[in-house]
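Coordinate inspection notes
Residues per chain are reported as follows:
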Amino acid sequence: MSAETPRRIVLLRHAKADWPSVPDHERPLAERGRRDAPAAGRWLAGTGIEPDLALCSTSVRTRETWKLVVHELEHRPRTVYEERLYEASLGDLLALLAEQDDDVTDLVVVGHNPGMHALADALAGEADGDTVVRMRRQGFPTSAAAVITFTGSWKSVEHGAGRLTTFWAPHD
């Protein structure tokens, strides 16, 4: 694929997690999370985006979220469980995007806040309609998703390089 290929990144925050007495990395989904994650999957399926690759944090809540989301998709993308997504800084997330193979056109990243919100905000040099306003007002709640488009190589992903085309949350 050309370096001028249009690409899409779907940033998906994990669904609502429970707070049992376990380490943070091991927290499972709450009942609401188990309801909202399939809704996020149905939303993603309805966008027409067919991800080539999903990068998913290794935490229990992100893995459970992705399992429920992907069940709603027509085609299951290759999934990589990536330790670096857990507690990732904005710089870590940008570096991870830059590592992706240019054969990947559509990428889903299943992660955590504040990283997902920070990455969406940083990449969105432009936006459609009121997407940025809604995203900033809602604060990227659990199960929320942002779609960012850009043209070029994954190595070219940087602050302001993309366009926020969609912001979705299950309880809009």
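Below, the structure is looked at part by part. (Residues numbered from 1 in each chain as written. Predicted model: local features only at pLDDT ≥ 70, side-chain atom pairs only at ≥ 80, totals over all residues. Heavy atoms only, no water.)

Moving on, we come to the nonpolar core. Ranked by size, the top nonpolar core spans 30 residues in total, and within it Leu11, Leu97 and Phe140 carry the most contacts. When contributions to this core are tallied by element, the ones reaching two or more residues are β1 (6-13), β2 (53-57), α3 (90-98), β4 (106-111), α4 (115-123), α5 (131-138), β6 (145-151) and β7 (162-168). When near neighbours in sequence (up to four residues on either side) are disregarded, Leu11 contacts Val109, Met116, Leu119, Ala120, Phe140, Ala144, Ala145, Ala146 and Ile148. The next biggest cluster of nonpolar side chains, apart from the first, holds 20 residues, and it includes Val10, Ala37, Trp66 and Val69. (Core = buried A, V, L, I, M, F, W, Y, C linked by side-chain atoms within 4.5 Å. Buried < 20%, exposed > 50% of the residue type's maximum accessible area, 1.4 Å probe, protein only. Helix = DSSP H or I, 4+ residues; strand = E, 2+ residues; numbered from the N terminus. Contact = heavy atoms within 4.5 Å.)

Quick look at the side chain of Thr65 now. Tracing the chain through its elements places Thr65 in helix α2 (residues 60-70). Judged by its relative accessible area of 1%, Thr65 is buried.

Here the focus is unusual backbone geometry. The residue after Asn113, namely Pro114, is reached through a cis peptide bond having omega 15 degrees. Among the secondary structure elements, Pro114 is positioned in the loop between β4 and α4. The backbone of Glu87 sits at a positive phi, close to 60 degrees, despite the residue not being glycine. With respect to the helices and strands, the residue Glu87 is situated in the loop between β3 (78-82) and α3. Backbone geometry places Phe140, a non-glycine residue, at a positive phi of 60 degrees.

Once that is clear, we can look at α2. Among the residues of α2, those classed as buried are Val60, Arg61, Thr62, Thr65, Trp66, Val69 and Val70. Where the residues of α2 are buried, they touch β1, α1 (31-47), β2, β3 and β4.

Further remarks concern the sheet that holds strand β5 (residues 124-127). With respect to topology, seven strands assemble into an open sheet ordered β3-β2-β4-β1-β6-β7-β5, the strand pairing being mixed. Each having just a single partner strand, β3 and β5 make up the two edges of the open sheet. Ignoring which end each strand starts from, the neighbouring axes of this sheet average 25 degrees apart. Relative to β7, β6 runs antiparallel, the two being bridged by five bridges. Paired with Thr149 across the two strands is Arg163, which belongs to β7. Contacting β1, β4, β6 and β7, α1 runs over the sheet at an angle of about 130 degrees to β7. (Pairing = 2+ DSSP bridges. Axes fitted to C-alpha atoms, helices over the stretch in contact; angles between N-to-C directions.)

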